[in-house]
Each structure stands twice: as structure tokens, then as C-alpha cells.
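What follows is the residue order along each chain.
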Amino acid sequence: MSKLRQFQPYLLLMLILPALLMLAPNSEAEEESGWEKWRPSGKSANFKIRQRPKTKILSGTKTSLLIAATSDLHGSLTSTRLLLRKRSRGLLHLVMPLKKLREKYPELILLDAGDTIQGDPSSFYFSHVAPETTRPLPVIEMMNWLKYDALALGNHDFEPPTNILKQNIAQAQFSWLAANVSFRNVKQPLFPPYKIIERHGVRVGILGLITPGVPLWIDPEQRKGLNFKEMLGTAKKWVRVLREQEKVDYLIGLFHSGDNTLYDRDVASTRELPHPNAAGMIADFFPEFDLIISGHAHRISPKRRTEKLKGHQTPLVSPGTAAEGLTTILVNFEEKSGNWEITKTVYDFIKAEKAPEAQLLRKLDARLLKVEKYLADPTTVILKRFPKKTEFQDCGIALSFSAVESMEAETLSLLPWWWFRDKLPFSDLGQALRREHFFRWLPYDNRPVLVLMYGRQIKIMLESYRRKKLGWYARSSTILAPGGFVAELDNSSKDNRLYLKNPQGQALRPERKYRVWLTNFHWNGGGGLAAKALLHPSQLLKKEALHLRELIFQYLRQSTVKLPEKCESFLTQSTTATLKTVP
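The paragraphs below set out a description of the structure included in this document. (Residues numbered from 1 in each chain as written. Predicted model: local features only at pLDDT ≥ 70, side-chain atom pairs only at ≥ 80, totals over all residues. Heavy atoms only, no water.)

Focus: the overall build of the chain
And step 1. The secondary structure content of the chain amounts to 18 helices and 24 strands.
And step 2. For 583 residues, the compact-globule estimate of 2.2 N^0.38 gives 25 Å, and the C-alpha radius of gyration of the chain, at 27 Å, lies within 12% of that figure.
And step 3. By residue count, 55% of the 583 residues in the chain fall in the buried class.
And step 4. For the chain, the proportion of contacts with a sequence separation of at least 24, taken over those separated by at least 6, is 77%.
And step 5. Surface exposure of the chain reaches about 27,800 Å², of which carbon and sulfur atoms provide 52%. (Helix = DSSP H or I, 4+ residues; strand = E, 2+ residues; numbered from the N terminus. Rg over C-alpha atoms; globule rule 2.2 N^0.38 Å. Buried < 20%, exposed > 50% of the residue type's maximum accessible area, 1.4 Å probe, protein only. Contact = heavy atoms within 4.5 Å. Areas by Shrake-Rupley, 256 points an atom, 1.4 Å probe, with all protein chains shown as cover.)

So this is what it looks like as C-alpha cells:
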């Protein structure tokens, strides 16, 4: 009996605890998702499956259909404004090629394979700095003018504020497709899964799919409540609908997903996510599509005119990135036994025109001037000379750490080592660094996050850095640079381990906790580093609102800023700089 009394408090706690947990406020449940009550509007509204009759085709009829596609625009408008580039790119450079194609093929179908609204300074400015509720982003405005028919959502389209994505869906004059995105346990997709277009008597079905790897890269707040489902199973479900109920004659898979199934497969598996790049797998193992347009990988295929594509069982094309050109597919049909039969298909890639179309450029001019003014804001730091590659990278790493440490002392950092070393004009020599430079050098919209990490976790996340130090291959997006401490190769060990020590020469202890700055990309799971280091959500201390790029820029605007020693060979502090800020 005495033993029973001894356990009575524990038994009572076991009975009371579930009730307490039920009564306790659940912040996760109480916090509303921005997607919970949202429904698509504009051209993406009112999706409905229809029972259509089979297309009636006159005996012996022949016809042709031209499909044109872009992908991974990342907001790109022109290479002659904002961030000047030698290679022609941007939607304004595709206006004339599209005009010529429409003159010959008036019923052209124009598609995009996603990652559309994030990346260009104009998209950033009108998403984060000065949103305009009455107009879509410049890239969507351009797509409206060019008469796009549909796009498939991409992972980066979830990166701007949620209200910006919703607004642009509403104001677009084309459909946004994503058959494998649903809200919580709702069976039907949140976005339209497909679009039906009839041209020259041919009924075309366009099924949109997004990479299910979105949770690896995008902040949980941006995708709260959203499920990104496996692509192959989703394709099988909707292809059956498109073939049997919609009775389509020609079926296009518009996928924001690369065709190399192995790429990021292991990274996704650590989070129990499906294949992020499944376009090639669908092309090979589910030959129900007549054409697959594959984005996400920034690859161009084919690069020249051809009638035969290599690599997959189903014809698969990749239109590249930033509107550097336009993929075209000319399909010839002939009636056979009451059905359309494909007799010939010609694939091509048309490069962007050297000059942007002048009339549409003038229509965008007022908005571009606002962005250019924003990009022209100076720092207090002067560019003395153009740095060598190693100087540039070392300075970038040091600046990244200095900027985050200025917010919170006694912290370390594991931030990306890669800074894109864009060739600058000679006119920049002797001038202050501007915000524009940091958009060139750090094009990704990454934010710093502060994480409480064990010393052993830090070492695990530096594995790619170790490989780089040894001269071995390491994927660039997985290479993190140590900030606030030193990571040296221990040549005395057979496996060339890293030896971590603070500036005073003391070793970082595996079991000790350190406050470490990461980017939200790596914290969310990008590159697979967080999973390998077994980072847990409870280790997150805080998220910084400013993007890393802007944080470094603001740090260098201080009149008393102390430049890292590794930057002093090609940068110097200005004593006369007058700072101007965009109102």
C-alpha cells in the first residue's frame, strides 16, 4: 500500500497533464495562416472540372500549333537598366521575337515554368520597400502586356510577402497553376491544377506542378498550412482527369522542377520530402504527356533548332532563366481515325534581342526610376581598386560577420562564402559603394537567423568548407565560412579534421553552446546542412527582419564604420561622403 501511495503523485500528474495540455493555448493552432481563407481570384479563380465531348475533327484535316515558353524569370525586365549586364536578357528583350512569332502564329500559346516574381531589384523594391497595391509587379505587368496564358508557381514565388503573391495572382491576366499544393487536409488543390486552351481545333491541357522541395528553402511563415505533394502521383491523378473527362488532344506538363532526379534528392530525404527534381522521372516513367516544360534548374535545352530531343522518353525542354531567350515548340497535327496525330515537332531556342523594346520600356520608366534611385544610395566606403577573386571573397566573408555581430555582440557566424564577383565599370573606381553593388554581389534574398548551436554542430556544418580547403569538390551553396572564429585543417590527423578556435586561440568545445548566425536558407534546410547537424527548431533564438544584403549595406553607411582588415586592400573609409536616402 505504501508503494502505491509513493506513486500516487505521478499517477495524478499523468491524469492531469493531458487536460492541462488541452487547456493550454496552442500558439501554432491559434496563429492563423495567411492561406487559410484565401481563394484564387482573377484569371486563376473558379476552377472546375468539366465533362467535355471529344473534339470533332474533319477527315483529312491538318493543322499546327506553336508553344513558346520561358522559365525562372526572377523578375528580369532588361539588362540595360537597374543592374547593367553585357548579355541581353529580360522580358523587354523578348517583345520583338514574340511579335514576329504572333504575326505568323496568331494563336500562339505562351507559358512560363515559375520562379517569376522574386530576384530582380524591381521585384524586390515593389515587394519589400514600396509596394503598390493598384498595380502588379513590373514583371507581371510585362507578362500581361505580352499575353501569357499560364505559369506554374515556383519555390521563389513564395519568398516575397504573402500579400504580394496574392495580389499579383489577382492582377495577372493569366492562370497560376500548382496541382500539388493544398491547404492542410483539404483534398482539392489550393491553386488551379490545370488550364484548358483550344487552338485551331486542338484541345490543349496544361498541368502545372511545383517542386515539393519548397519547405527546404522557404520560411515556415510564408507557407504555413500548405502541403507540397509528390509530383508523380499528383500527375497520374490529374492526367486521368485531363484525358478521360476533359478529353484533351495534346497534354503539356508545365513543371517548376528540374530533370536531374538525383539533384537534392538526398537533401530532401533527410526531411522526408519527395524528390524536388522529378520532371525527368515523370518524363521517363509516366509517358502520358506530349510535352514537358521543365524549369527550376536554369538550364537551356535544346539550345538550337532540332526535331529530336535526347535524354528522356517524353519530349522535355528547359527554357533557361531571366528571359535570356525563348523556347519554341512547333507541333504539326493530322487527323487519323477521328483523332489528332502528331506528325512532326520542331524545337528551337530564340535568343533575346540586344535592345529592349522602346515603347514598353517607356511605360515602365517611372517605376524603374524609383528603383534606380533606391539602388543609387551610397555607403561611406570607397572602391580604391578592383579586387582579386580571393580578396573579394575574403572581404565578403568578413563583412558578413561584421554586419551581424554589430547587431549582437559575442556571436559567431556560419554565412555563405559565395559572393558573386560581377565585373564593374571603371567609372566605379574612386566612388562610394552603392546599394546596387550588394544586389550584384548577394542576389539572393536571404535573412540572418540567430541559432544556439553546439560546437560539434558547427563542425558538421563546416564539412563543405573543409572539403574546399582540401581542394575537393563541394557544392557552392553548402560552403559556409567561419565568422568570429578560425577553422584550420589539422594536418596531424589522417582524415584532415578541422580544428576550431576563437581569436584568442582557445578551442571551440564540442559540448558547449554558441550563438551562431546562419541564413534562413540554411536554417530552413537548404543544402541539407541543418539536417546533417541535427538542428532542432528549439535552437532558434531570433530571426532578423532585414535581408543580409541590406544589413551589410546599412553597416557600411555608418560614418564611423571600421572596415575588416581583409577589405582594406581595395576599400577605404570616406571622410567626405554625404549620405542620401530614398524617401
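Describing the layout of surface pockets
And step 1. Taken as a whole, the second largest pocket spans an internal volume of roughly 850 Å³.
And step 2. Along the wall of the second largest pocket there are 30 residues; nearest its centre are D394, I397, A398, P482 and K566.
And step 3. Those elements that place two or more of their residues in the lining of the second largest pocket are α12 (389-405), α15 (463-469), β19 (480-483) and β20 (486-489).
And step 4. In terms of residues, the lining of the second largest pocket owes the most to one element, α12, which gives nine residues. (1 Å grid on protein atoms, 1.4 Å probe; cavity = no way out; pocket = protein on both sides within 12 Å on 5 of 7 lines; lining within 4 Å. Points joined across faces, edges and corners; volume = space filled by probe spheres on them.)

Let's talk about the pattern of salt bridges
Pairing between side chains becomes possible if they bear opposite charge and their charged atoms approach one another.
And step 1. A full pass over the atoms with the stated rule returns 31 salt bridges.
And step 2. Between R81 and D365 there is a salt bridge, and its shortest N-O distance comes to 3.0 Å. Within this pair, whereas R81 is found in the loop between β1 (62-70) and α3 (95-104), its partner D365 is found in helix α11 (residues 358-375), the two being separated by 284 residues in sequence.
And step 3. Salt-bridge contacts for D377 lead to R435; the nearest nitrogen and oxygen are separated by 2.9 Å. Of the two residues, D377 sits in the loop between α11 and β15 (378-383) while R435 sits in helix α13 (residues 435-441), which places them 58 residues apart along the sequence.
And step 4. Assessed through its relative accessible area of 4%, D377 is described here as buried.
And step 5. Through salt bridges that share partners, R85, D422, D428, R434, E436 and R440 make up one connected network. (Salt bridge = Lys/Arg side-chain N within 4 Å of Asp/Glu carboxyl O.)

Thoughts on the state of the cysteines
And step 1. Summed over all chains, the structure comprises one disulfide.
And step 2. Between the sulfur atoms of C395 and its disulfide mate C567 the distance is 2.1 Å. Between C395 and C567 the sulfur-sulfur dihedral comes to about 105°; the bridge is accordingly right-handed. With C395 in helix α12 and C567 in the loop between α18 (548-555) and β24 (571-573), the pair connects residues that are 172 residues apart, well separated along the chain. Residues C395 and C567 agree in their burial class; the two are buried. (Disulfide = S-S within 2.5 Å.)

So, the sheet that holds strand β16 (residues 412-416)
And step 1. The mixed open sheet is built from five strands, whose spatial order is β19-β16-β22-β18-β23. Strands with a single pairing partner mark the edges of an open sheet, and in this sheet they are β19 and β23 (540-543). Recorded for the sheet is a direction-independent mean angle of 25° between the axes of neighbouring strands.
And step 2. When strand β18 (residues 448-454) meets strand β22 (residues 513-519), the two strands line up antiparallel, connected through seven bridges. What sits directly across from V451, in β22, is V516.
And step 3. Where α12 meets the sheet, its contacts fall on β16, β18, β19 and β22, and the angle it forms with β16 comes to roughly 135°. (Pairing = 2+ DSSP bridges. Axes fitted to C-alpha atoms, helices over the stretch in contact; angles between N-to-C directions.)

A word on the nonpolar core
And step 1. Counting 65 residues, the largest nonpolar core has L91, F158, W176 and F191 as the members making the most contacts within it.
And step 2. No other element matches α11, which puts seven residues into this core.
And step 3. With residues up to four places along the chain from it excluded, the contact list for L91 reads L73, S76, L77, V139, M142, M143, L146, Y148 and A323.
And step 4. Grouped together as the second largest cluster of nonpolar side chains are 29 residues, L414, W418, M453 and F485 included. (Core = buried A, V, L, I, M, F, W, Y, C linked by side-chain atoms within 4.5 Å.)

Observations concerning helix α8 (residues 231-244)
And step 1. Taking 1.5 Å of rise per residue, the 14 residues of α8 would be expected to cover 20 Å, and the 20 Å separating its terminal C-alpha atoms lies within 8% of that figure.
And step 2. For α8, the complete set of buried residues consists of M231, L232, T234, A235, W238, V239, V241 and L242.
And step 3. The elements touched by buried residues of α8 are β6 (194-199), β7 (202-210), β9 (250-256) and α10 (279-285).
And step 4. For α8, the N-terminal cap is E230; the gap from its side-chain oxygen to the backbone nitrogen of L232 is 2.9 Å. (Expected span 1.5 Å × (residues − 1). Polar contact = N/O pair within 3.5 Å; in protein donor to acceptor, adjacent residues only side chain to side chain.)

Quick look at the packing of helix α5 (residues 138-145) against α11
Two packed helices can be described by the angle between their axes and the distance between those axes.
And step 1. Contact pair α5 / α11: the axes reach a minimum separation of 11 Å and the direction vectors enclose 160°. Viewed along their axes, α5 and α11 adopt a mutual orientation that is roughly antiparallel. Seen along the crossing, α5 lies across α11 with a hand that is right-handed. Where α5 abuts α11, its residues P138, E141, M142 and W145 lie against L360, K363, L364 and R367.
And step 2. Looking at the contact of α5 with α11, its residues break down into five nonpolar, no polar and three charged. (Parallel < 35°, antiparallel > 145°, perpendicular 65-115°, else oblique. Left-handed = near helix turned anticlockwise from the far one by under 90°. Nonpolar A, V, L, I, M, F, W, Y, C, P; charged D, E, K, R; others polar.)

Some thoughts on the sheet that holds β15
And step 1. In space, the three strands of this open sheet follow the order β17-β15-β24, with antiparallel pairing throughout. Two strands in the sheet have a free side with no partner beyond their single neighbour: β17 (432-434) and β24. The average angle at which neighbouring strand axes cross in this sheet is 55°, direction not considered.
And step 2. Across two bridges, β15 lies against β17 in antiparallel orientation.

What to know about helix α4 (residues 121-129)
And step 1. A large share of α4 lies buried, amounting to seven of its nine residues.
And step 2. Regarding α4, the residues found buried are P121, S122, S123, F124, Y125, F126 and S127.
And step 3. Residues of α4 that are buried in the fold lie against α5, α6 (162-171), α11, α13 and α18.

Notes on the packing of aromatic side chains
And step 1. Throughout the structure, instances matching the rule amount to 27 aromatic pairs.
And step 2. A centroid spacing of 4.9 Å and a plane angle of 85° characterise the contact between F47 and Y194, whose relative ring orientation is edge-to-face. Of this pair, F47 sits in the loop between α2 (27-30) and β1 while Y194 sits in strand β6, and the two are 147 residues apart along the sequence.
And step 3. Their ring planes at 90° and their centres at 5.6 Å tell us that F158 and F228 sit as a pair that is edge-to-face. Here F228 lies in strand β8 (residues 226-228) and F158 lies in the loop between β3 (150-152) and α6, a separation of 70 residues in the sequence.
And step 4. On the basis of relative accessibility, which here comes to 1%, the residue F158 falls in the buried class.
And step 5. Exposure remark for F228: the relative accessible area of 10% places this residue in the buried category. (Phe/Tyr/Trp six-rings, centres within 6.5 Å; stacked < 30°, edge-to-face > 60°.)

Topic: the pairing of β16
And step 1. Counted residue by residue, β16 has five buried out of five residues, so it is predominantly covered.
And step 2. Where β16 lies against β22, two bridges are found, and the strand directions are parallel. From the neighbouring strand, S413 faces β22, where its bridge partner is W517.
And step 3. In this sheet, β19 lies alongside β16 in antiparallel orientation, the contact comprising four bridges. Counted as the bridge partner of L414 is P482 from β19.

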